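The lines below spell out each chain.
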Amino acid sequence: MEKNKLNILNKIFSRSTFRNCFDNGYDKTYSQVVRRYVDNGTGKQNSELISQIYNVLREGYRNEYYYKNTLLNKLLLGIHSVNTTTALTEIPIAKSKADFVLINGKAVVYEIKTELDNFNRLENQINDYYKAFDHVAVVTCKENLQVLKKKIEMIGKPVGIYILQKRGTITTIQKPQAYSVELDAEILFKILRKQEYEEILFNKYKHLPDVSEFKYYSECKKMFLEIPLEEAYLSVLKLLKKRSQIIKDEFSKIPYELKFLAYFMNLKSDDYKKITKFLNESYGGV
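A few points on the structure.

### Focus: the sheet that holds strand β4 (residues 136–140)
Pairing between the strands of a sheet comes from backbone hydrogen bonds, and it takes one of two forms, parallel or antiparallel. One open sheet holds the six strands; their spatial order is β1-β2-β3-β4-β5-β6, and the pairing between them is mixed. Edge strands, defined here as strands with exactly one partner in the open sheet, are β1 (86–93) and β6 (170–174). Across the sheet, the axes of successive neighbouring strands diverge by a mean angle of 30 degrees, strand direction being ignored. Of the pairings in the sheet, the one linking β1 to strand β2 (residues 96–103) comprises seven bridges and is antiparallel in character. When the bridges of β2 are listed, I93 appears paired with S96.

Given below as structure tokens:
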């Protein structure tokens, strides 16, 4: 596929495109993709067109969104449940960003390496993730499996390996094992939002630092670093697990192709109504 075609396919399943679609009933990128990838979109429901566009990803361009959306559908919604498990995405950890994290009783970071990626940064990414979480796995395609196995062998840590098959299922090659020797309290603290670390500190010490605003953050960090690491880690997981903001009944009605987007957009009831209206409307063609 040509590069500009690929760029537009990356943009189609983005928060801004999706929000334009359901807020305004129109989005330029969406119209361009319909014209380019759907034989004749006019008169078809938007839900059908989105399904056809997603199929273009499935058949020939399995980008990061396709991987993330599959992980969310197969793992969070297929194996676990939104009642017991929370998914996070793009969590900054040291110099890396975790693609996808699932937290229930434990936390697993899933690093995605699509057919379009290379493994140049993998070692650094894995080392960074182990500073904040004790289970790490890589999800890739079948073609990358042998290269990935060698790479992980060299890294020498109990990293899990999962394969996203052509038919869209996820195969376990090896499960990630707990590895907590590199957990770093300072890195854990940096992941937390202000109200999260305040909650941990208040639960532990029954008070918060009484210092100037200028010193407040460093004083909070100092108090956090005094908590035994294992205890601090479990407290962090508990707080991160509370980050999920979905309205469960409404979210369950979102089509498969859009689950990942909807999960991370902090949608309100009104948004869900607009989405339903947009999906049921016929595409007018622009």
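### Things to note about the nonpolar core
F13, Y30, L72, Y110 and Y263 are the most contacted members of the largest nonpolar core, which has 54 residues in total. Ranked by residue count, the leading element in this core is helix α5 (residues 64–79), at seven residues. If we ignore the near neighbours within four places in the chain, the residues touching Y263 are L72, L76, V82, T85, T86, A87, S244, I246 and F251. Y130, A185, F189 and M223 belong to the second largest nonpolar core, which has 46 residues in total.

### Things to note about the environment of L208
Structurally, the position occupied by L208 is in the loop between α9 (194–205) and α10 (213–225). On the basis of relative accessibility, which here comes to 30%, the residue L208 falls in the partly exposed class. Spatially, the C-alpha atom of L208 lies 9.1 Å from that of E219, the residues being eleven residues apart in sequence. Setting aside residues no more than four positions away along its own chain, L208 makes contact with E198, L201, F202 and Y216.

The rules behind the values
Residues numbered from 1 in each chain as written. Predicted model: local features only at pLDDT ≥ 70, side-chain atom pairs only at ≥ 80, totals over all residues. Heavy atoms only, no water. Pairing = 2+ DSSP bridges. Helix = DSSP H or I, 4+ residues; strand = E, 2+ residues; numbered from the N terminus. Axes fitted to C-alpha atoms, helices over the stretch in contact; angles between N-to-C directions. Core = buried A, V, L, I, M, F, W, Y, C linked by side-chain atoms within 4.5 Å. Buried < 20%, exposed > 50% of the residue type's maximum accessible area, 1.4 Å probe, protein only. Contact = heavy atoms within 4.5 Å.

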